[in-house]
Amino acid sequence: MTKVVKTATATVSLSALRHNLQRVKQLAPQSKVLAIVKANAYGHGVLAVADALAELADGYGVARLSEALALRAHGIRKPILLLEGFFSVADLPLLLEHDIETVIHSDYQLEALESAVTTNNKLDKKIKVWVKIDSGMHRLGVNLDQVDTVYQRLQRCANVDPQINFASHFSRAEELKCGYSEKQLANFEQACDGKNGERSLAASNGILYWPESHFDWVRPGIILYGISPTNEHLATEYGLKPVMTLSASLIAVRDHQANEPVGYGGNWISGKDTKIGVIALGYGDGYPRDVPSGTPVLVNGKRVPIVGKVSMDMITVDLGADSCAEVGDEVIFWGKSITGEVLPIEEVAKQIGVISYELVTKLTPRVITEYS
Ligand SMILES: *Cc1c(COP(=O)(O)O)cnc(C)c1O
(Lines give C-alpha, C1' and ligand atoms only; values in the text may rest on other atoms or scores of the structure.)
Protein backbone atom coordinates (compact mmCIF):
# COMPACT_ATOMS: atom_id res chain seq x y z
CA MET A 1 0.00 0.00 0.00
CA THR A 2 1.53 3.30 -1.07
CA LYS A 3 -1.08 5.95 -0.34
CA VAL A 4 -1.66 7.47 3.08
CA VAL A 5 -5.11 6.79 4.46
CA LYS A 6 -6.63 9.97 5.86
CA THR A 7 -9.20 9.79 8.62
CA ALA A 8 -12.29 11.97 8.52
CA THR A 9 -11.13 15.55 8.07
CA ALA A 10 -12.92 18.89 7.82
CA THR A 11 -10.70 21.30 5.93
CA VAL A 12 -11.72 24.87 6.68
CA SER A 13 -10.61 27.73 4.45
CA LEU A 14 -10.12 30.82 6.59
CA SER A 15 -9.60 32.97 3.50
CA ALA A 16 -13.01 31.87 2.17
CA LEU A 17 -14.48 32.70 5.58
CA ARG A 18 -13.02 36.22 5.44
CA HIS A 19 -14.18 36.62 1.86
CA ASN A 20 -17.73 35.79 2.97
CA LEU A 21 -17.67 38.38 5.73
CA GLN A 22 -16.48 40.97 3.20
CA ARG A 23 -19.33 39.87 0.95
CA VAL A 24 -21.79 40.46 3.82
CA LYS A 25 -20.38 43.98 4.17
CA GLN A 26 -20.96 44.56 0.45
CA LEU A 27 -24.54 43.34 0.78
CA ALA A 28 -25.21 45.39 3.92
CA PRO A 29 -22.83 48.34 3.57
CA GLN A 30 -24.48 50.52 6.24
CA SER A 31 -24.62 47.84 8.92
CA LYS A 32 -22.28 46.51 11.56
CA VAL A 33 -21.70 42.76 11.49
CA LEU A 34 -22.39 40.46 14.42
CA ALA A 35 -20.67 37.25 13.26
CA ILE A 36 -22.68 34.29 14.53
CA VAL A 37 -20.33 31.64 15.91
CA LYS A 38 -22.67 29.53 18.07
CA ALA A 39 -22.46 25.72 18.01
CA ASN A 40 -18.68 25.74 17.57
CA ALA A 41 -19.02 28.19 14.67
CA TYR A 42 -21.45 25.85 12.93
CA GLY A 43 -18.95 23.02 13.34
CA HIS A 44 -16.04 24.98 11.87
CA GLY A 45 -14.09 25.48 15.12
CA VAL A 46 -15.07 28.57 17.07
CA LEU A 47 -11.68 29.83 18.21
CA ALA A 48 -10.03 29.64 14.80
CA VAL A 49 -13.09 31.22 13.20
CA ALA A 50 -13.25 34.01 15.78
CA ASP A 51 -9.55 34.75 15.30
CA ALA A 52 -9.87 34.73 11.52
CA LEU A 53 -12.70 37.27 11.69
CA ALA A 54 -11.24 39.40 14.47
CA GLU A 55 -10.33 42.33 12.21
CA LEU A 56 -13.54 42.22 10.18
CA ALA A 57 -16.41 41.48 12.55
CA ASP A 58 -17.87 44.16 14.82
CA GLY A 59 -18.94 41.54 17.35
CA TYR A 60 -19.90 37.91 17.85
CA GLY A 61 -23.21 36.20 18.54
CA VAL A 62 -23.48 32.98 20.56
CA ALA A 63 -26.31 30.97 22.09
CA ARG A 64 -24.80 29.89 25.42
CA LEU A 65 -22.89 31.64 28.17
CA SER A 66 -20.26 28.86 27.96
CA GLU A 67 -19.65 29.82 24.34
CA ALA A 68 -19.20 33.48 25.26
CA LEU A 69 -16.82 32.63 28.12
CA ALA A 70 -14.71 30.43 25.84
CA LEU A 71 -14.29 33.36 23.45
CA ARG A 72 -13.29 35.71 26.29
CA ALA A 73 -10.88 33.12 27.74
CA HIS A 74 -9.28 32.96 24.31
CA GLY A 75 -8.69 36.70 24.39
CA ILE A 76 -11.49 37.91 22.12
CA ARG A 77 -12.18 41.55 23.06
CA LYS A 78 -14.99 42.51 20.67
CA PRO A 79 -18.64 42.68 21.83
CA ILE A 80 -20.29 39.29 22.40
CA LEU A 81 -24.07 38.91 22.48
CA LEU A 82 -26.03 36.05 24.03
CA LEU A 83 -28.73 35.55 21.39
CA GLU A 84 -31.09 33.81 23.83
CA GLY A 85 -30.00 35.84 26.81
CA PHE A 86 -28.84 34.52 30.16
CA PHE A 87 -30.72 31.64 31.77
CA SER A 88 -30.27 32.32 35.49
CA VAL A 89 -29.66 35.17 37.90
CA ALA A 90 -26.40 33.43 38.82
CA ASP A 91 -25.10 34.24 35.31
CA LEU A 92 -25.24 38.00 35.84
CA PRO A 93 -21.91 38.42 37.68
CA LEU A 94 -20.23 36.57 34.79
CA LEU A 95 -21.87 38.84 32.24
CA LEU A 96 -20.61 41.87 34.13
CA GLU A 97 -17.14 40.47 34.72
CA HIS A 98 -16.64 39.44 31.10
CA ASP A 99 -18.54 42.24 29.44
CA ILE A 100 -21.08 40.00 27.73
CA GLU A 101 -24.18 41.53 26.17
CA THR A 102 -27.53 39.85 26.58
CA VAL A 103 -30.90 39.63 24.94
CA ILE A 104 -33.93 40.06 27.21
CA HIS A 105 -36.99 38.12 26.14
CA SER A 106 -38.84 37.18 29.34
CA ASP A 107 -39.96 38.50 32.66
CA TYR A 108 -37.67 36.25 34.67
CA GLN A 109 -34.65 37.93 33.07
CA LEU A 110 -36.04 41.36 33.78
CA GLU A 111 -36.69 40.39 37.39
CA ALA A 112 -33.15 39.02 37.69
CA LEU A 113 -31.74 42.32 36.45
CA GLU A 114 -33.96 44.29 38.82
CA SER A 115 -32.97 42.18 41.82
CA ALA A 116 -29.29 42.29 40.83
CA VAL A 117 -29.48 46.04 41.11
CA THR A 118 -30.43 45.86 44.75
CA THR A 119 -27.97 43.11 45.65
CA ASN A 120 -25.03 44.27 43.53
CA ASN A 121 -25.35 48.01 43.71
CA LYS A 122 -21.65 48.43 44.33
CA LEU A 123 -20.89 47.28 40.82
CA ASP A 124 -20.11 50.23 38.63
CA LYS A 125 -20.23 48.23 35.39
CA LYS A 126 -23.36 48.17 33.27
CA ILE A 127 -24.84 45.30 31.32
CA LYS A 128 -25.60 45.96 27.69
CA VAL A 129 -29.04 44.58 26.84
CA TRP A 130 -31.04 44.02 23.68
CA VAL A 131 -34.80 43.67 23.89
CA LYS A 132 -35.78 40.65 21.84
CA ILE A 133 -39.07 41.45 20.15
CA ASP A 134 -41.46 38.82 18.85
CA SER A 135 -42.32 40.40 15.52
CA GLY A 136 -44.16 37.30 14.28
CA MET A 137 -42.03 34.19 14.57
CA HIS A 138 -43.68 33.39 17.91
CA ARG A 139 -40.69 31.45 19.19
CA LEU A 140 -38.85 33.82 21.51
CA GLY A 141 -39.30 37.46 22.38
CA VAL A 142 -41.39 40.11 24.06
CA ASN A 143 -44.90 40.50 22.68
CA LEU A 144 -45.44 43.69 20.70
CA ASP A 145 -47.79 45.19 23.27
CA GLN A 146 -45.25 44.63 26.06
CA VAL A 147 -42.20 46.21 24.41
CA ASP A 148 -42.76 49.69 25.87
CA THR A 149 -43.20 48.34 29.40
CA VAL A 150 -40.11 46.14 29.20
CA TYR A 151 -38.12 49.03 27.75
CA GLN A 152 -39.18 51.34 30.57
CA ARG A 153 -38.39 48.77 33.24
CA LEU A 154 -34.93 48.23 31.74
CA GLN A 155 -34.31 51.96 31.65
CA ARG A 156 -34.90 52.04 35.38
CA CYS A 157 -32.34 49.27 36.10
CA ALA A 158 -29.21 50.90 37.51
CA ASN A 159 -26.91 48.17 36.17
CA VAL A 160 -28.31 48.29 32.64
CA ASP A 161 -26.51 50.34 30.02
CA PRO A 162 -28.86 53.21 29.08
CA GLN A 163 -28.50 52.52 25.39
CA ILE A 164 -30.91 49.63 25.01
CA ASN A 165 -30.89 47.86 21.63
CA PHE A 166 -33.57 45.89 19.81
CA ALA A 167 -33.50 42.57 17.97
CA SER A 168 -35.96 40.32 16.24
CA HIS A 169 -35.83 37.32 13.92
CA PHE A 170 -37.56 36.39 10.66
CA SER A 171 -39.40 33.09 10.40
CA ARG A 172 -40.04 32.95 6.64
CA ALA A 173 -37.49 35.28 5.05
CA GLU A 174 -36.66 32.93 2.18
CA GLU A 175 -40.29 32.92 1.04
CA LEU A 176 -40.10 36.12 -0.95
CA LYS A 177 -43.75 36.35 -1.94
CA CYS A 178 -45.60 35.17 1.16
CA GLY A 179 -46.00 38.66 2.65
CA TYR A 180 -44.94 37.57 6.11
CA SER A 181 -41.56 39.29 6.23
CA GLU A 182 -43.17 42.62 5.34
CA LYS A 183 -45.46 42.13 8.30
CA GLN A 184 -42.56 41.30 10.63
CA LEU A 185 -40.61 44.32 9.38
CA ALA A 186 -43.56 46.62 10.04
CA ASN A 187 -44.11 45.14 13.50
CA PHE A 188 -40.44 45.51 14.38
CA GLU A 189 -40.22 49.10 13.16
CA GLN A 190 -43.36 50.06 14.99
CA ALA A 191 -42.18 48.48 18.25
CA CYS A 192 -38.82 50.32 18.05
CA ASP A 193 -40.33 53.59 16.93
CA GLY A 194 -39.24 56.60 18.96
CA LYS A 195 -36.63 54.64 20.92
CA ASN A 196 -33.01 55.39 20.20
CA GLY A 197 -31.29 52.01 20.59
CA GLU A 198 -29.67 50.16 17.70
CA ARG A 199 -31.71 47.63 15.75
CA SER A 200 -31.05 44.19 14.33
CA LEU A 201 -33.37 41.95 12.36
CA ALA A 202 -31.53 40.23 9.52
CA ALA A 203 -29.83 36.85 9.77
CA SER A 204 -28.44 35.30 6.57
CA ASN A 205 -31.73 35.19 4.68
CA GLY A 206 -32.57 38.77 5.64
CA ILE A 207 -29.12 39.88 4.46
CA LEU A 208 -29.64 38.15 1.11
CA TYR A 209 -33.30 38.90 0.44
CA TRP A 210 -34.47 41.87 2.54
CA PRO A 211 -32.18 44.92 2.29
CA GLU A 212 -34.76 46.97 4.17
CA SER A 213 -34.16 44.70 7.19
CA HIS A 214 -30.44 45.40 7.54
CA PHE A 215 -30.75 48.26 10.08
CA ASP A 216 -27.75 48.89 12.39
CA TRP A 217 -26.54 45.32 12.82
CA VAL A 218 -26.81 42.24 10.61
CA ARG A 219 -26.34 38.77 12.10
CA PRO A 220 -24.89 36.42 9.48
CA GLY A 221 -24.42 32.78 10.44
CA ILE A 222 -24.65 30.20 7.69
CA ILE A 223 -23.55 32.50 4.85
CA LEU A 224 -20.28 33.25 6.65
CA TYR A 225 -19.52 29.58 6.19
CA GLY A 226 -20.24 29.82 2.49
CA ILE A 227 -23.50 27.91 2.69
CA SER A 228 -26.88 29.04 1.35
CA PRO A 229 -29.67 29.27 3.95
CA THR A 230 -31.89 27.10 1.74
CA ASN A 231 -31.26 24.01 -0.35
CA GLU A 232 -32.93 25.66 -3.35
CA HIS A 233 -29.91 27.87 -4.05
CA LEU A 234 -26.15 27.45 -3.92
CA ALA A 235 -24.15 29.95 -1.86
CA THR A 236 -21.94 30.53 -4.90
CA GLU A 237 -24.95 32.18 -6.61
CA TYR A 238 -24.61 34.98 -4.05
CA GLY A 239 -20.87 35.44 -4.46
CA LEU A 240 -20.05 33.39 -1.35
CA LYS A 241 -17.26 30.82 -1.14
CA PRO A 242 -17.75 27.41 0.49
CA VAL A 243 -15.57 27.21 3.60
CA MET A 244 -15.57 23.53 4.61
CA THR A 245 -14.60 20.40 2.73
CA LEU A 246 -15.41 17.12 4.48
CA SER A 247 -13.19 14.30 3.29
CA ALA A 248 -11.87 10.85 4.17
CA SER A 249 -10.13 8.03 2.33
CA LEU A 250 -10.97 4.66 0.91
CA ILE A 251 -9.78 1.97 3.31
CA ALA A 252 -10.82 -0.95 1.10
CA VAL A 253 -11.81 -1.61 -2.49
CA ARG A 254 -13.62 -4.94 -2.88
CA ASP A 255 -14.86 -6.95 -5.84
CA HIS A 256 -18.57 -7.47 -5.44
CA GLN A 257 -20.87 -9.87 -7.24
CA ALA A 258 -24.23 -9.22 -8.80
CA ASN A 259 -27.24 -10.05 -6.61
CA GLU A 260 -25.22 -9.85 -3.38
CA PRO A 261 -26.21 -7.39 -0.66
CA VAL A 262 -24.02 -4.78 1.05
CA GLY A 263 -24.11 -3.71 4.68
CA TYR A 264 -26.49 -3.95 7.65
CA GLY A 265 -29.88 -5.34 6.82
CA GLY A 266 -28.72 -6.34 3.37
CA ASN A 267 -31.17 -3.92 1.87
CA TRP A 268 -29.07 -2.77 -1.05
CA ILE A 269 -28.36 -5.49 -3.57
CA SER A 270 -26.11 -4.88 -6.52
CA GLY A 271 -27.67 -5.55 -9.93
CA LYS A 272 -24.28 -6.20 -11.50
CA ASP A 273 -20.73 -7.17 -10.73
CA THR A 274 -19.01 -4.07 -9.39
CA LYS A 275 -16.40 -2.73 -7.00
CA ILE A 276 -17.44 -1.49 -3.59
CA GLY A 277 -15.37 1.22 -1.92
CA VAL A 278 -15.30 1.38 1.87
CA ILE A 279 -14.67 4.82 3.40
CA ALA A 280 -13.49 5.53 6.94
CA LEU A 281 -16.29 7.91 7.92
CA GLY A 282 -19.72 7.17 9.36
CA TYR A 283 -22.46 8.46 11.59
CA GLY A 284 -19.96 8.39 14.48
CA ASP A 285 -18.31 11.29 12.66
CA GLY A 286 -21.63 13.08 12.26
CA TYR A 287 -22.59 12.08 8.74
CA PRO A 288 -26.33 11.30 8.83
CA ARG A 289 -27.19 7.61 9.18
CA ASP A 290 -30.44 7.96 7.33
CA VAL A 291 -29.40 8.82 3.79
CA PRO A 292 -31.05 7.47 0.66
CA SER A 293 -28.99 5.06 -1.45
CA GLY A 294 -27.66 7.11 -4.31
CA THR A 295 -26.52 10.08 -2.22
CA PRO A 296 -23.35 11.20 -4.01
CA VAL A 297 -19.77 11.48 -2.83
CA LEU A 298 -16.71 12.33 -4.93
CA VAL A 299 -14.04 9.67 -5.33
CA ASN A 300 -11.03 11.17 -7.07
CA GLY A 301 -13.32 13.97 -8.22
CA LYS A 302 -15.93 11.62 -9.71
CA ARG A 303 -19.47 11.27 -8.35
CA VAL A 304 -20.33 7.81 -7.06
CA PRO A 305 -23.39 6.76 -5.04
CA ILE A 306 -23.53 5.68 -1.40
CA VAL A 307 -25.01 2.17 -1.26
CA GLY A 308 -26.18 0.20 1.77
CA LYS A 309 -26.60 1.59 5.25
CA VAL A 310 -24.24 4.18 6.69
CA SER A 311 -22.46 2.51 9.64
CA MET A 312 -20.94 4.19 12.67
CA ASP A 313 -17.43 4.20 11.26
CA MET A 314 -17.79 3.33 7.59
CA ILE A 315 -19.70 4.12 4.43
CA THR A 316 -19.88 1.95 1.32
CA VAL A 317 -20.06 3.30 -2.23
CA ASP A 318 -20.57 1.68 -5.61
CA LEU A 319 -17.37 2.53 -7.48
CA GLY A 320 -18.43 0.71 -10.68
CA ALA A 321 -16.77 -2.30 -12.28
CA ASP A 322 -14.27 -0.21 -14.24
CA SER A 323 -13.10 1.95 -11.34
CA CYS A 324 -9.36 2.41 -10.85
CA ALA A 325 -9.87 3.77 -7.33
CA GLU A 326 -7.40 2.49 -4.74
CA VAL A 327 -7.05 2.34 -1.00
CA GLY A 328 -6.00 5.79 0.23
CA ASP A 329 -7.82 7.66 -2.52
CA GLU A 330 -9.62 10.83 -1.53
CA VAL A 331 -13.37 10.84 -0.90
CA ILE A 332 -15.28 14.13 -0.59
CA PHE A 333 -18.64 14.28 1.20
CA TRP A 334 -19.08 17.96 0.49
CA GLY A 335 -16.75 20.67 -0.70
CA LYS A 336 -13.89 20.64 -3.13
CA SER A 337 -11.80 17.75 -4.39
CA ILE A 338 -8.06 18.04 -5.11
CA THR A 339 -9.10 17.54 -8.74
CA GLY A 340 -11.06 20.81 -8.52
CA GLU A 341 -14.50 19.12 -8.70
CA VAL A 342 -17.05 20.48 -6.25
CA LEU A 343 -19.89 18.72 -4.44
CA PRO A 344 -22.04 21.53 -3.00
CA ILE A 345 -23.25 20.90 0.55
CA GLU A 346 -26.66 22.32 -0.41
CA GLU A 347 -27.06 19.54 -2.97
CA VAL A 348 -26.08 16.86 -0.46
CA ALA A 349 -28.47 18.30 2.15
CA LYS A 350 -31.30 18.38 -0.36
CA GLN A 351 -30.68 14.79 -1.38
CA ILE A 352 -30.64 13.64 2.24
CA GLY A 353 -33.67 15.75 3.17
CA VAL A 354 -32.00 17.92 5.83
CA ILE A 355 -30.72 21.49 5.90
CA SER A 356 -27.01 22.19 5.53
CA TYR A 357 -26.97 23.70 9.04
CA GLU A 358 -27.54 20.20 10.42
CA LEU A 359 -24.78 18.61 8.38
CA VAL A 360 -22.05 20.95 9.63
CA THR A 361 -23.21 21.34 13.24
CA LYS A 362 -23.53 17.59 13.80
CA LEU A 363 -19.92 16.75 12.96
CA THR A 364 -18.39 15.04 16.00
CA PRO A 365 -15.03 15.68 17.70
CA ARG A 366 -13.61 12.59 15.99
CA VAL A 367 -13.42 14.60 12.77
CA ILE A 368 -10.06 16.34 12.56
CA THR A 369 -10.31 20.01 11.62
CA GLU A 370 -7.53 21.46 9.50
CA TYR A 371 -7.28 25.11 8.51
CA SER A 372 -6.05 26.31 5.18
C1 LIG B 1 -28.49 31.48 14.65
C2 LIG B 1 -29.00 32.86 14.62
C3 LIG B 1 -28.63 33.73 13.58
C4 LIG B 1 -27.85 33.28 12.37
O5 LIG B 1 -28.73 32.62 11.49
P6 LIG B 1 -28.27 32.17 10.04
O7 LIG B 1 -29.49 31.71 9.38
O8 LIG B 1 -27.27 31.07 10.24
O9 LIG B 1 -27.65 33.37 9.41
C10 LIG B 1 -29.04 35.04 13.68
N11 LIG B 1 -29.80 35.49 14.71
C12 LIG B 1 -30.19 34.66 15.70
C13 LIG B 1 -31.04 35.19 16.80
C14 LIG B 1 -29.82 33.32 15.68
O15 LIG B 1 -30.23 32.51 16.67
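Predicted model, so just to flag it, every value in this text is computed and none were measured.

## A word on the overall build of the chain
- Scanning the chain for helices and strands turns up 11 helices and 19 strands.
- In terms of principal-axis extent, the alpha carbons of the chain reach across some 75 × 45 × 35 Å.
- By the burial criterion, 53% of the 372 residues in the chain qualify as buried.
- Restricting to contacts in the chain with at least 6 residues of sequence separation, those with at least 24 account for 66%.
- For the chain, the distance from the average position of its 37 positive side-chain charges to the average position of its 43 negative side-chain charges is 2 Å.

## Description of the nonpolar core
- Grouped together as the largest cluster of nonpolar side chains are 114 residues, with contacts concentrated most on Leu113, Leu154, Ile279, Tyr287, Phe333 and Trp334.
- Take this core: its biggest share by element is 5 residues, from helix H1 (residues 14-27).
- Other than its neighbours up to four places away in sequence, Ile279 contacts Ala248, Ser249, Leu250, Val297, Asp313, Met314, Ile315, Val317, Val331 and Phe333.

## A look at the site of the ligand
- Every residue close to the ligand is listed here: Ile36, Lys38, Tyr42, Leu83, His169, Ala203, Ser204, Arg219, Pro220, Gly221, Ile222 and Tyr357.
- Within the side chain of Lys38, a nitrogen or oxygen atom sits 2.6 Å from an oxygen atom of the ligand.
- The separation between an oxygen atom of the ligand and a polar side-chain atom of Tyr42 is 2.6 Å.
- For the ligand, whose free accessible area comes to 390 Å², the fraction covered by protein is 90%.
- Assessed atom by atom at 2 Å from the grid points, the ligand resides in the largest pocket.
- Split into classes, the residues belonging to the shell around the ligand amount to 7 nonpolar, 3 polar and 2 charged.

## Notes on the layout of surface pockets
- The space that makes up the largest pocket amounts to roughly 720 Å³.
- Residue lining of the largest pocket: 29 residues in total, with Lys38, Tyr42, Arg139, His169 and Tyr357 positioned closest to the centre.
- Along the lines of polarity and charge, the residues of the lining of the largest pocket split into 16 nonpolar, 6 polar and 7 charged.
- Of the voids in this model, the second largest pocket is the one considered here, and its volume is about 350 Å³.
- Thr11, Thr245, Gly335, Lys336 and Ser337 are the residues nearest the centre of the second largest pocket, which is lined by 18 residues in total.
- Of the residues forming the lining of the second largest pocket, the biggest block, 4 residues, is contributed by strand S17 (residues 330-336).
- Here the residues of the lining of the second largest pocket are counted per class, giving 7 nonpolar, 8 polar and 3 charged.

## Regarding the pattern of salt bridges
- By the definition in use, this model includes 14 salt bridges.
- Here Lys3 and Asp329 are joined by a salt bridge, their closest N and O atoms 2.4 Å apart. With Lys3 in the segment before strand S1 (9-12) and Asp329 in the loop between strand S16 (315-318) and S17, this residue pair connects regions lying 326 residues apart in the sequence.
- Of the residues examined, Asp329 reaches a relative accessible area of 4% and is grouped as buried.
- One salt bridge connects Lys32 with Glu198, and the closest N-O pair in it is separated by 2.8 Å. Of the two residues, Lys32 is situated in strand S2 (residues 32-36) and Glu198 in the loop between helix H8 (180-192) and strand S8 (199-200); the sequence distance between them amounts to 166 residues.
- The class for Lys32 is partly exposed, based on a relative accessible area of 30%.
- Here the residues in one salt-bridge network are Lys3, Glu326 and Asp329, joined through shared partners.

## Details of the pairing of strand S10 (residues 244-256)
- Note: S1 against S10, 4 bridges, orientation antiparallel. Bridge pairing in S10 places Thr11 opposite Thr245.
- Where S10 lies against S17, 4 bridges are found, and the strand directions are antiparallel. Counterpart to Ser249 in the pairing with S17 is Glu330.
- In this sheet, strand S13 (residues 274-279) lies alongside S10 in antiparallel orientation, the contact comprising 6 bridges. The residue bridging Val253 from the neighbouring strand is Gly277, located in S13.

## Here's the deal with the packing of aromatic side chains
- Scanning the entire structure with this criterion turns up 9 aromatic pairs.
- Considering the side-chain rings of Phe170 and Trp210, the 6.4 Å spacing of their centres and the 45 degrees angle between planes classify their relative orientation as tilted. On the criterion of sequence distance, the pair formed by Phe170 in the loop between strand S7 (165-167) and H8 and Trp210 in the loop between helix H9 (204-209) and strand S9 (217-218) is long-range, its members being 40 residues apart. Across the pair, exposure class does not vary: Phe170 and Trp210 are buried alike.
- With a centroid separation of 6.0 Å and an interplanar angle of 75 degrees, the aromatic rings of Tyr209 and Tyr238 are classed as edge-to-face.

## A word on the environment of Ala173
- Looking at where Ala173 falls in the secondary structure, it is placed in the loop between S7 and H8.
- Ala173 sits 90 residues away from Gly263 along the chain, and the two C-alpha atoms are 41 Å apart.
- Setting aside residues no more than four positions away along its own chain, Ala173 makes contact with Ser181, Asn205, Gly206, Tyr209 and Trp210.

## Focus: the environment of Leu92
- Inspection of the secondary structure puts Leu92 in helix H5 (residues 92-98).
- Given a relative accessible area of 2%, Leu92 falls into the buried group.
- Sequence separation between Leu92 and Arg219 is 127 residues; the distance between their C-alpha atoms is 24 Å.
- Apart from residues no more than four positions distant in its own chain, Leu92 is found in contact with Phe86, Ala112, Leu113, Ala116 and Ile127.

Rules used in this analysis
Residues numbered from 1 in each chain as written. Predicted model: local features only at pLDDT ≥ 70, side-chain atom pairs only at ≥ 80, totals over all residues. Heavy atoms only, no water. Helix = DSSP H or I, 4+ residues; strand = E, 2+ residues; numbered from the N terminus. Buried < 20%, exposed > 50% of the residue type's maximum accessible area, 1.4 Å probe, protein only. Contact = heavy atoms within 4.5 Å. Lys, Arg positive; Asp, Glu negative; His and termini not counted. Charge placed at Lys NZ, Arg CZ, Asp CG, Glu CD. Core = buried A, V, L, I, M, F, W, Y, C linked by side-chain atoms within 4.5 Å. Near = heavy atom within 4 Å. Polar contact = N/O pair within 3.5 Å; in protein donor to acceptor, adjacent residues only side chain to side chain. Areas by Shrake-Rupley, 256 points an atom, 1.4 Å probe, with all protein chains shown as cover. 1 Å grid on protein atoms, 1.4 Å probe; cavity = no way out; pocket = protein on both sides within 12 Å on 5 of 7 lines; lining within 4 Å. Sits in = over half its atoms within 2 Å of the grid points. Nonpolar A, V, L, I, M, F, W, Y, C, P; charged D, E, K, R; others polar. Points joined across faces, edges and corners; volume = space filled by probe spheres on them. Salt bridge = Lys/Arg side-chain N within 4 Å of Asp/Glu carboxyl O. Pairing = 2+ DSSP bridges. Phe/Tyr/Trp six-rings, centres within 6.5 Å; stacked < 30°, edge-to-face > 60°.

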